[in-house]
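# Chain and residue survey
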Amino acid sequence: MLYSRANVGGLSYHNLFLCAYIMANMLLFHIISYKKEGIFNWKCKIYCLIVGALLGMAMITIPYLVLPVVIVYVILILMYKYFKSYFLILLLVGGGIAGTGLAYLMFLFSRLSVYDLMDNVKFLFMEKDHGTRSLFMYLSSFWQLVYSYGKYLLGIILFCIIVNGCCLLFRIKISQCKKEILYLVSGMVFMYNVYCYSSSHMSSYLIFGLFGIVLSMLLVRNNRNDRNYWRDYNLAWFYVSAIVVIVTFSMASATSDPMTEGFVMFSLMTIVLISQINAEWKSRWDWIRKGINLLIIFLMLGMTMYIRIFSVYRDAPLEEMDSMIAEGPARGLITTRLHAQQYSECMEVLHYMNAFEENKAENAFWVTKLAPWMYVGTNLKSGAPSPWRHTIDDPLLTLYYETHDIMKLKYILVLKDEYGEFQVANNVEGTNLTPNENVKDGEIWEEILENYDLVKFKCGNLYIRREV
């Protein structure tokens with residue numbers, strides 16, 4: 001739960017998705033473990049509903065999760081005879097997902113009509129940041145990331161695949177002693193891998209996840225007739241869960257980096273398999289192996305915690321955060337003195353609009369291009385397809401107002417280029433000094449010049465539509 005990807009903040013959709021998804025999967029892991037022991041009482045049934053509710057929350061946060069989950073459900077239903085003992089779990093989890101979805105739709109339709117939803121949902125699939133690269137390009141970038149951070153462990157994985165394949169082919173059984181030697185070598189490679197990338201905010205979960213894949217191969221019994229390998233350790237579930245996350249973020253993100261979040265699930269598998277190795281492997285060298293296990297767990301927690309506190313930010317380094325925000329949607333958050341001042345100046349615009357629009361929530365407001373939090377500070381409707389990075393000359397915005405009444409777009413705030421500037425973890429300082437740089441051109445800009453009055457604020461220019 002210490003995990004946070006790259007420069008993503010604590011309440012981003014990445015983190016909310018993963019918190020819900022991780023809790024759901026770990027709870028389901030315990031349910032399946034109890035089921036294999038013949039325990040499935042009313043508490044387990046309630047846990048299944050909770051798992052469904054958590055997965056439903058994850059789907060609401062990133063709707064693209066729906067597709068891989070549906071695919072998994074279809075596969076399990078088609079293979080009913082192999083999973084019939086788990087069918088009740090599937091039904092209860094599905095019920096929890098449906099219940100969460102129903103509650104969300106009730107909340108949604110209390111604030112907009114079905115027509116409004118259907119009219120706007122198409123714009124979700126027209127974002128210029130999505131669908132710009134082929135599947136091959138995504139997979140290629142994904143592989144390059146995995147290889148760059150985990151090339152040493154990938155070598156161990158390849159070696160394990162070759163050894164296990166040869167043993168299964170020629171019916172050779174590897175002794176526990178040889179497996180322990182390979183485990184010690186893998187542990188040293190793991191620690192060297194951590195040493196090489198100890199300061200990188202993207203390496204920890206990749207390295208831990210790859211080490212989990214190594215451990216899963218060390219537990220292979222090298223027996224052709226042993227069909228319980230994946231079932232005994234619930235390995236199939238961890239692999240499926242990781243692949244689901246990878247597929248989800250391949251669709252949800254404009255870059256391939258978030259696809260590696262699937263390795264968070266492999267990292268959880270690492271912890272489970274270390275515990276399993278401690279329980280199964282017995283020898284006079286137990287104290288050495290257990291010491292290495294403790295060191296690995298310490299490195300996983302310590303490195304992840306350090307990175308989370310000191311190397312994950314999209315504002316400024318921790319030592320520069322010295323001002324608390326006193327009002328509005330971000331009240332109570334701590335930021336830099338400059339950002340607190342910029343925030344306060346943006347709040348002046350919200351106070352100005354709210355004073356005139358107390359009972360006129362049918363009017364719309366659009367801020368360009370990057371200050372999505374401002375929409376939460378007013379009852380005005382959003383005047384753009386999404387609150388994220390729409391410039392004045394954005395073709396999608398022009399297309400949006402072909403089917404929406406631009407007369408309702410009463411307020412347009414054009415922020416100064418430097419407002420909202422931020423530093424990003426591990427990026428060169430100065431990379432994001434003008435996040436609101438704009439292009440004043442196109443049909444929307446002509447509409448602004450012709451039909452809007454200008455009111456100047458410290459943070460930028462507020463354009464107000466003239467009364468007809």
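Below you will find a few notes about this structure. (Residues numbered from 1 in each chain as written. Predicted model: local features only at pLDDT ≥ 70, side-chain atom pairs only at ≥ 80, totals over all residues. Heavy atoms only, no water.)

### Overview of the pattern of salt bridges
Where charged atoms of side chains with opposite charge meet at close range, the side chains can pair. This model, assessed by the stated rule, comprises 4 salt bridges. As a salt-bridge pair, arginine 465 and glutamate 447 come within 2.6 Å of each other at their nearest N and O atoms. Of the two residues, arginine 465 is situated in strand E7 (residues 460-465) and glutamate 447 in helix H16 (residues 443-451); the sequence distance between them amounts to 18 residues. Take arginine 465 and glutamate 447: they sit in the same class, and that class is buried. (Salt bridge = Lys/Arg side-chain N within 4 Å of Asp/Glu carboxyl O. Helix = DSSP H or I, 4+ residues; strand = E, 2+ residues; numbered from the N terminus. Buried < 20%, exposed > 50% of the residue type's maximum accessible area, 1.4 Å probe, protein only.)

### Thoughts on a negative patch on the surface
Where like charges cluster on the molecular surface, the negative patch consists of Asp393, Glu402, Asp441, Glu443, Glu446 and Glu450. Secondary-structure assignment places glutamate 450 in helix H16. (Patch = residues over 30% accessible without salt bridge, like charges linked within 9 Å, V, L, I, M, F, W, Y side chains within 5 Å. Areas by Shrake-Rupley, 256 points an atom, 1.4 Å probe, with all protein chains shown as cover. Lys, Arg positive; Asp, Glu negative; His and termini not counted. Charge placed at Lys NZ, Arg CZ, Asp CG, Glu CD.)

### Focus on the side chain of threonine 378
Counting through the fold element by element, threonine 378 comes out in the loop between strand E3 (364-368) and strand E4 (381-382). Since its relative accessible area comes to 9%, threonine 378 is described here as buried. Side-chain polar atoms of threonine 378 contact the side chain of asparagine 354, separated by 3.0 Å. There is a polar contact of 3.1 Å between the side chain of threonine 378 and the backbone nitrogen of leucine 380. Not counting residues within four places of it along the chain, the set of residues in contact with threonine 378 comprises Leu350, Asn354 and Phe365. (Polar contact = N/O pair within 3.5 Å; in protein donor to acceptor, adjacent residues only side chain to side chain. Contact = heavy atoms within 4.5 Å.)

### Here's the deal with the packing of aromatic side chains
A full pass over the atoms with the stated rule returns 19 aromatic pairs. When the centroid spacing of 5.4 Å and the interplanar angle of 45 degrees are considered together, the rings of phenylalanine 29 and phenylalanine 238 count as tilted. Of the two residues, phenylalanine 29 sits in helix H1 (residues 13-36) while phenylalanine 238 sits in helix H11 (residues 235-252), which places them 209 residues apart along the sequence. In this structure phenylalanine 238 comes out as buried when scored by relative accessible area, which is 2%. (Phe/Tyr/Trp six-rings, centres within 6.5 Å; stacked < 30°, edge-to-face > 60°.)

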